[in-house]
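Observations on the three-dimensional arrangement
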Amino acid sequence: MATSIKDKAPDLEWSTLPFSYVPTDYNVRCTFKDGKWGDIEVSDSEYIPLHIAASSLHYGQEIFEGLKAFRGVDGKIRVFRMEENAKRFIRSAEAIKMEPLPIEIFCEMVKKVVKLNERFVPPYGTGSSLYIRPLEIGISPKVGVSPATEYLVVMLVTPVGPYFKAGFKPTKVCISREYDRVAPKGTGSVKFGGNYGASLVAGEKAHEMGYSVMLYLDPKEKKYIDECGAANFFAIKDNTYITPSSPSILPSITNMSLKQLAKDLGLKVEERNITVEEIPTFEEASACGTAAVCSPISQIDDLDTGIKYVISPDNEPGKITTQLYNKLRAIQYGEEPDVHNWNYIFD
Ligand code: PLP
Ligand code: COI
């Protein structure tokens, strides 16, 4: 049988991949039409045909997810906690009146798209992974503001390195009361595309000022730490893992996993309001998420008061953050037993 380009290993610098789009071989799609989800289709096109009046284009009916597949120490591919992403995808859909995709179809699509693009799962030891991006859009034409009746779910994959360019190196973040990414009772707790559009001005401003990200305060009182534009926040003090409890943040699957790992390490876990005034008491702080993994925070600058809260003067990741990061990575790469049964492992 003739070999094709798709049988070959891609010509990529696996260990230095940025977090950006690299074309792969296939994506998978599923359409909701006439009141039901159709079959999973495989496509090698990077484009979708879309009606010019589609509800996603006019009224923002778009949600997405982010999860990763890892090439383990044993050569096997593992997908991390996909059922949790499937559940959140349903919650996101319901929050903006879209058709929820059943968990079984979501997981079937993940398995299919990873298998089809197996050659793009970065080799073990490179620190990179295959990012899986499911998205759902309203596709039926709408001129009046109302939900679509037809939906398209697409899952694409792309090999990635760290989201925070520094990787597992501390970076500075900033606080500003000038910007909100979500409303107090809005869409912050779901993965709605509009939340990210609303964060672009603040995010670019933070970058221009030399910060890795904006750390948002709660939009109602501007008193409590909420989260970063694309990652949750946690801090460590007195052998305790502290993370915000807020209706306007995305319940992060990474954070959920780190809380469990923190308990396993014998730490106390607190989910509660965190005031800006509490920051100087933190021994360690970090952003966390699928893309961000653990991205330690060395300093938090309050742009409104001018106060600079230095958390790690030596600019090194904290001891407990490092332990948590290593533990999570070890499970994802199959180096340690997956005692919580988080991975789906391909044969
Ligand atoms: N918060 C926001 C706003 C995000 O976009 C993400 C990324 O998904 C996270 C937190 C982290 O969530 P997870 O760990 O489930 O990826
Ligand atoms: C993720 O961590 O998966 C995200 O979705 C964050 C971001 C790239 C939007």
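Reference entry: report on the structure contained in this document. (Residues numbered from 1 in each chain as written. Chains lettered and ligands numbered in written order. Predicted model: local features only at pLDDT ≥ 70, side-chain atom pairs only at ≥ 80, totals over all residues. Heavy atoms only, no water.)

The next thing to look at is the side chain of R329. In this fold, R329 is placed in helix α7 (residues 319-332). We note that R329 is buried and unpaired, the nearest opposite charge coming from E335 at a distance of 8.3 Å. The contact partners of R329, leaving out residues within four places of it in the chain, are F70, G127 and V293. (Helix = DSSP H or I, 4+ residues; strand = E, 2+ residues; numbered from the N terminus. Buried < 20%, exposed > 50% of the residue type's maximum accessible area, 1.4 Å probe, protein only. Lys, Arg positive; Asp, Glu negative; His and termini not counted. Salt bridge = Lys/Arg side-chain N within 4 Å of Asp/Glu carboxyl O. Contact = heavy atoms within 4.5 Å.)

Next up on the list: empty space enclosed by the protein. Under the criterion given, the structure shown has 2 cavities of 30 Å³ or more. Its boundaries defined by the atoms lining it, the largest cavity holds a volume of some 120 Å³. Broken down by secondary-structure element, the contributors of at least two residues to the lining of the largest cavity are β5 (67-71), α6 (253-264) and α7. Here the lining of the largest cavity is built from residues that sort into 6 nonpolar, 5 polar and 3 charged. Lining the second largest cavity we find D180, R181, V182, Y216, L217, P219, D226, E227 and S248. (1 Å grid on protein atoms, 1.4 Å probe; cavity = no way out; pocket = protein on both sides within 12 Å on 5 of 7 lines; lining within 4 Å. Points joined across faces, edges and corners; volume = space filled by probe spheres on them. Nonpolar A, V, L, I, M, F, W, Y, C, P; charged D, E, K, R; others polar.)

Turning our attention to the pattern of salt bridges. Per the counting criterion, the structure on display carries 18 salt bridges. For E118, the salt bridge is made with K115, and the minimal N-O distance between the two is 3.1 Å. Residues joined in a network through salt bridges with shared partners are K237, K268, E270, R272 and E278.

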